[in-house]
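Examination of the molecular architecture
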Amino acid sequence: MTFDIVTIFPAMIEQAVATGIVGRAIERGTLEVKVHDLRDFTTDRHRVVDDVPYGGGPGMVLKPEPIFRALDAIEGQRGRPLTVVLTSPQGRRLTQAEAERLSRLAHLVLLCGRYEGFDERVRERVTDEISIGDYVLSGGELPALVILDTVARLVPGVVGDEQSVAEDSFHRGLLDFPQYTRPAEVTTTRAGSVERATTLAGPGPVDPAVLKVPDVLLSGNHAEIRRWRKRAALSRTLARRPELLSEADLDEEEREILRELVAERDKGVEYGRD
Ligand code: SAM
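The following refers to the structure shown. The shown structure was predicted, so the numbers you read here are calculated from the model rather than taken from an experiment.

Remarks on the overall build of the protein chain
- Looking only at helices and strands, the protein chain features ten helices and nine strands.
- Here the C-alpha radius of gyration of the protein chain, 24 Å, is well above what a compact globule of 274 residues would show, namely 19 Å.
- In terms of its C-alpha atoms, the protein chain occupies a principal-axis envelope of roughly 65 × 50 × 40 Å.
- When the 274 residues of the protein chain are sorted by exposure, 42% land in the buried category.
- As presented, the protein chain carries roughly 16100 Å² of accessible surface, and 51% of it is formed by carbon and sulfur atoms.
- The protein chain carries 37 positive and 46 negative side-chain charges, and their two centres are separated by 2 Å.

Rendered as structure tokens:
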């Protein structure tokens, strides 16, 4: 899959995509990420990409012509039609389902805003407007990287183990089950000791706690482990994000476990703790 990213801070993108899963996928040729400096598409000596807003008010607005020229150049190179994503806090919220849709495309253009955002007319060339959450960042580079990373890991061959992507949170509408690694027992201070230590009353006694991996995960019984994980994922989703369950893609065993969990909840059994 190919990504063209248009930004006034190319280094921010270039550094971030050079490492990790995305970096390795680029080296292997599974992904291509081309970063375009918006200033290369200006025509004036000072390479100006922004101007004051019509009607007055604070801040600067990204001018439309450099963006149109950048899109023309990408279109010339890649061919039509382009899927052009405008990063914006006003866009549709990025979800795993949205990322899955985008990962089926061969090519994606990501536009990174700055200042007060883009001149409204840029939207004439945009096919998707995506927000990464209900908060405002100073620029579209981090959102573009979030979109790139989320979409790229769904492209076959990018993550080494396809099973790990299939088990990720949200993939089937469930949160992931809890994970443990060695050692089987670890000692730490109890949760809450940090808070006590910073109160005006001074540090309280610190309780050591032995934290054990659930026995079933050490049992070697794969059928039991599989069922425990299903139950843990469902229990966690029911506790933290119950609204996901109405859309979740559950098998018969999971539907049965969910019925048990809901019955336990209705009887007042504490669940969702692991
Ligand atoms: N004045 C704009 C508004 O309120 O909609 C915010 C502009 S913001 C300071 C500058 C740029 O950061 C935006 O053009 C967009 O590219 C990016 N950005 C900020 N928050 C974002 C978010 N939650 N999701 C996606 N992009 C975001």
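A short note on the packing of helix α4 (residues 96-103) against helix α5 (residues 141-152)
- Between α4 and α5, the shortest axis-to-axis distance is 8 Å and the interhelical angle comes to 75 degrees. Taken together, α4 and α5 sit at an angle that is classed as roughly perpendicular. Together, Q96, A99, L102 and S103 of α4 and I147, T150 and V151 of α5 make up the contact between the two elements.
- Its residues assigned to classes, the contact of α4 with α5 shows four nonpolar, three polar and no charged.

Some remarks on helix α9 (residues 222-240)
- With 19 residues, α9 ought to run about 27 Å at 1.5 Å a step, and its terminal C-alpha atoms sit 27 Å apart, in line with that.
- Among all positions in α9, only I225, K230, A232, A233, L234, S235, R236, T237 and L238 are buried.
- Of the surrounding secondary structure, the elements contacted by the buried residues of α9 are α8 (215-218) and α10 (252-266).
- At the N-terminal boundary of α9, the capping side chain belongs to N221, with an oxygen 3.2 Å from the backbone nitrogen of A223.

Here's the deal with the nonpolar core
- Core analysis: the biggest nonpolar cluster contains 29 residues, and F3, I5, L31, L110, I147 and L148 have the highest contact counts within it.
- Among the elements that take part in this core, α5 stands out by supplying six residues, more than any other.
- When sequence neighbours within four positions are dropped, the list of residues in contact with I5 reads I13, V33, K34, V35, H36, L110, C112, A144 and L148.
- Counting residues in each nonpolar core, the second largest holds 18 residues, with I8, L82, V84 and V126 among its members.

Description of the pattern of salt bridges
- Throughout the structure, instances matching the rule amount to 29 salt bridges.
- We note a salt bridge from R101 to D128, for which the minimum N-O separation is 2.7 Å. Taken together, the positions of R101 in helix α4 and D128 in strand β7 (residues 128-131) put the pair 27 residues apart, joining distant regions of the chain.
- Classification of R101 by relative accessible area gives partly exposed; the value is 33%.
- Overlapping salt bridges, with partners in common, bring together R226, R227, K230, R231, D251, E253, E256, E260 and E264 in one network.

Describing the site of the ligand
- Lining the immediate environment of the ligand, one finds 21 residues, of which T87, Q90, G113, Y135 and L137 sit closest.
- Within the backbone of S88, a nitrogen or oxygen atom sits 3.2 Å from a nitrogen atom of the ligand.
- A distance of 3.0 Å separates a nitrogen atom of the ligand from a polar atom in the backbone of G133.
- A total of 580 Å² of accessible area belongs to the ligand in isolation, and the protein chains cover 85% of it.
- Of all the secondary structure elements, the ones that give two or more residues to the shell around the ligand are β5 (84-93) and β7.
- Among the elements that line the shell around the ligand, the one with the most residues is β5, at four residues.
- Partitioned by chemical class, the residues of the shell around the ligand number nine nonpolar, ten polar and two charged.

So, how was this worked out
Residues numbered from 1 in each chain as written. Predicted model: local features only at pLDDT ≥ 70, side-chain atom pairs only at ≥ 80, totals over all residues. Heavy atoms only, no water. Helix = DSSP H or I, 4+ residues; strand = E, 2+ residues; numbered from the N terminus. Rg over C-alpha atoms; globule rule 2.2 N^0.38 Å. Buried < 20%, exposed > 50% of the residue type's maximum accessible area, 1.4 Å probe, protein only. Areas by Shrake-Rupley, 256 points an atom, 1.4 Å probe, with all protein chains shown as cover. Lys, Arg positive; Asp, Glu negative; His and termini not counted. Charge placed at Lys NZ, Arg CZ, Asp CG, Glu CD. Axes fitted to C-alpha atoms, helices over the stretch in contact; angles between N-to-C directions. Parallel < 35°, antiparallel > 145°, perpendicular 65-115°, else oblique. Contact = heavy atoms within 4.5 Å. Nonpolar A, V, L, I, M, F, W, Y, C, P; charged D, E, K, R; others polar. Expected span 1.5 Å × (residues − 1). Polar contact = N/O pair within 3.5 Å; in protein donor to acceptor, adjacent residues only side chain to side chain. Core = buried A, V, L, I, M, F, W, Y, C linked by side-chain atoms within 4.5 Å. Salt bridge = Lys/Arg side-chain N within 4 Å of Asp/Glu carboxyl O. Near = heavy atom within 4 Å.

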